Amino acid sequence: MDFDGRRLSLARRLRRLQRTTLAAKTTVTAAAITQFERGTARPTNAVVAELALALGVPTDFFRQGRPIEQVPASAAHFRSLRATPAIARDQALAFAEIALAVVDVLEQYVDLPTVTDIVEPVDGEPTSDQVATIAANTRKRLGVEPGPVPHVVRLLEAHGIVVLRLLSDVDPRVDAFSTEIGHRPLVLLSPAKDDRARSRFDAAHELGHLVMHQDVEPGSKIIESQAHQFASEFLAPTAELEPDLPRKVDWDLLLQAKTKWGISLAALAYRAHSIGLWSEHSYRRANQHLAVQGYPEPGPLGPPESPYLLGAATALLSDAGTTLDHLAAASRLTIDQINGVVTAGSETKPRLRVTVTPQP
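Criteria and cut-off values
Residues numbered from 1 in each chain as written. Predicted model: local features only at pLDDT ≥ 70, side-chain atom pairs only at ≥ 80, totals over all residues. Heavy atoms only, no water. Axes fitted to C-alpha atoms, helices over the stretch in contact; angles between N-to-C directions. Helix = DSSP H or I, 4+ residues; strand = E, 2+ residues; numbered from the N terminus. Parallel < 35°, antiparallel > 145°, perpendicular 65-115°, else oblique. Contact = heavy atoms within 4.5 Å. Nonpolar A, V, L, I, M, F, W, Y, C, P; charged D, E, K, R; others polar. Phe/Tyr/Trp six-rings, centres within 6.5 Å; stacked < 30°, edge-to-face > 60°. Buried < 20%, exposed > 50% of the residue type's maximum accessible area, 1.4 Å probe, protein only. 1 Å grid on protein atoms, 1.4 Å probe; cavity = no way out; pocket = protein on both sides within 12 Å on 5 of 7 lines; lining within 4 Å. Points joined across faces, edges and corners; volume = space filled by probe spheres on them.

Chemist: Just to check I follow, could you spell out the packing of helix α5 (residues 86-106) against helix α16 (residues 335-344) for this structure?
Modeler: Axes are the key here: two packed helices are described by the angle between their axes and the distance separating the axes. The contact between α5 and α16 brings their axes to 10 Å, and the two run at 90 degrees. If you check the angle between α5 and α16, you find them roughly perpendicular. Taken together, the residues of α16 that come into contact with α5 (itself represented by Phe95, Ile98, Ala99 and Val102) are Gln337, Ile338, Gly340, Val341 and Ala344. Here the residues of the contact of α5 with α16 sort into 7 nonpolar, 2 polar and no charged.

Below, the structure written as structure tokens:
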């Protein structure tokens, strides 16, 4: 059979398996698997069947299909690069590759929003004022009116950026990350953060990378700090936020600001200190109070922001008679893989909590 070694690598990384571990499940060596993945050797049909069984995919998955673009670690802005095991990053990157492949086949049937030009690369180490100006420019490009951003994730989707939640089986140490390696920018959010304020900040942080950090080596504290500054100013420009911040620690006023702007108490305390409204002592005391309160913070804002775009696109296709089976046949991806991406890019619907009453 025709055999695509890239697809073997993809299936292995999605399962978070090292080559030695996969080899132990088959009759071939890790060195042979390396050769299969690089295309320097081709497995027999019997070995393909073993690999398929070990990886939980049909043998047809390994056949040549629509190209699947590789997302190298050097092209992805991982928030916690050094704290994340390489095998966990590989799994997350493999999911990003599957996501881009699903988006590619969806676009053969559906017109997704055009990607807005948001790029404004930084030169060297910009000042905080320069980052704030870039954030303000980005708000204008995306049509954000003065005041809070109503829904950060939907805003990104409306401008052609694909937003997904990472799969629940991805290592929780993998935080939100983004990449522009494909034909569309891609933002992946952590499913472990069950908090609206944090999901909004994460999405704005990744937007900062997509705007400022073209062709920049990811992972440094400098560019992560720049993305943090961008997110803060994008969500709440200082000139607009300052009137809502108390001149001393006042939790009632801070809770009002949290509700209005959709950002956390911790972020508000940081901003009050950074723009000079609070002394170092007041800021330290506020952080001590928040530490005692623990997580989640007081004043919940509701569930995290959810993506919508891919779910809406597949619903439109379904209405027109095109099913996930059609997408699987067109892409040579599995139904499970396509469904996983679509679910990750769909709105999370509330579920009724069922309480079972013990029988006497």
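Chemist: Would you mind going over the packing of aromatic side chains with me for this structure?
Modeler: Two aromatic rings are characterised by how far apart their centres lie and by the angle between their planes. Counting across every chain of the model gives 5 aromatic pairs. Taken together, a centroid distance of 5.8 Å and an interplanar angle of 70 degrees make the contact between phenylalanine 61 and phenylalanine 62 edge-to-face. Owing to a relative accessible area of 2%, phenylalanine 61 belongs among the buried residues under this scheme. Given a relative accessible area of 0%, phenylalanine 62 falls into the buried group. Seen in terms of ring centroids, tyrosine 270 and tyrosine 283 are 6.4 Å apart; in terms of plane orientation they differ by 65 degrees. Their pairing is edge-to-face. Of this pair, tyrosine 270 sits in helix α12 (residues 265-274) while tyrosine 283 sits in helix α13 (residues 280-293); the two residues are 13 residues apart in sequence, bridging distant segments of the chain. On the basis of relative accessibility, which here comes to 46%, the residue tyrosine 270 falls in the partly exposed class. A residue is classified by how much of its surface remains accessible, and tyrosine 283, at 15% relative accessible area, is buried. Connected via pairs of aromatic rings, a cluster forms that spans Phe3, Phe61 and Phe62.

Chemist: Would you mind showing me how to read empty space enclosed by the protein here?
Modeler: The gaps of empty space that remain are located by a probe, the size of a water molecule, rolled over the atoms. Under the counting rule described, the total for this entry stands at 1 cavity of 30 Å³ or more. Put simply, the largest cavity is a space of about 30 Å³. Together, Phe201, Ser232, Ile263, Ala267 and Arg271 line the largest cavity. By residue class, the composition of the lining of the largest cavity is 3 nonpolar, 1 polar and 1 charged.

Chemist: Please clarify how the layout of surface pockets should be interpreted in this entry.
Modeler: The volume enclosed by the largest pocket comes to roughly 760 Å³. As for the largest pocket, its lining consists of 27 residues, and the residues nearest its centre are Phe201, His228, Ser232, Ala267 and Tyr270. Tallied by class, residues from the lining of the largest pocket come to 9 nonpolar, 8 polar and 10 charged. Roughly 560 Å³ of volume is contained in the second largest pocket.

Chemist: It is not clear to me how unusual backbone geometry should be interpreted in this structure. Could you clarify?
Modeler: Trans is the prevailing form of peptide bonds, just as negative phi is the prevailing case for residues other than glycine. Across the junction of tyrosine 295 and proline 296, the peptide omega takes the value 5 degrees, indicating a cis bond. Of note, the phi angle at aspartate 215 is positive, near 55 degrees, even though the residue is not glycine. Examined against the element boundaries, aspartate 215 turns out to sit in the loop between α8 (196-212) and α9 (221-235). For arginine 332, which is not glycine, the phi torsion reads 60 degrees and is therefore positive. The residue arginine 332 is located in the loop between α15 (324-331) and α16 in this model. Assessed through its relative accessible area of 33%, arginine 332 is described here as partly exposed.

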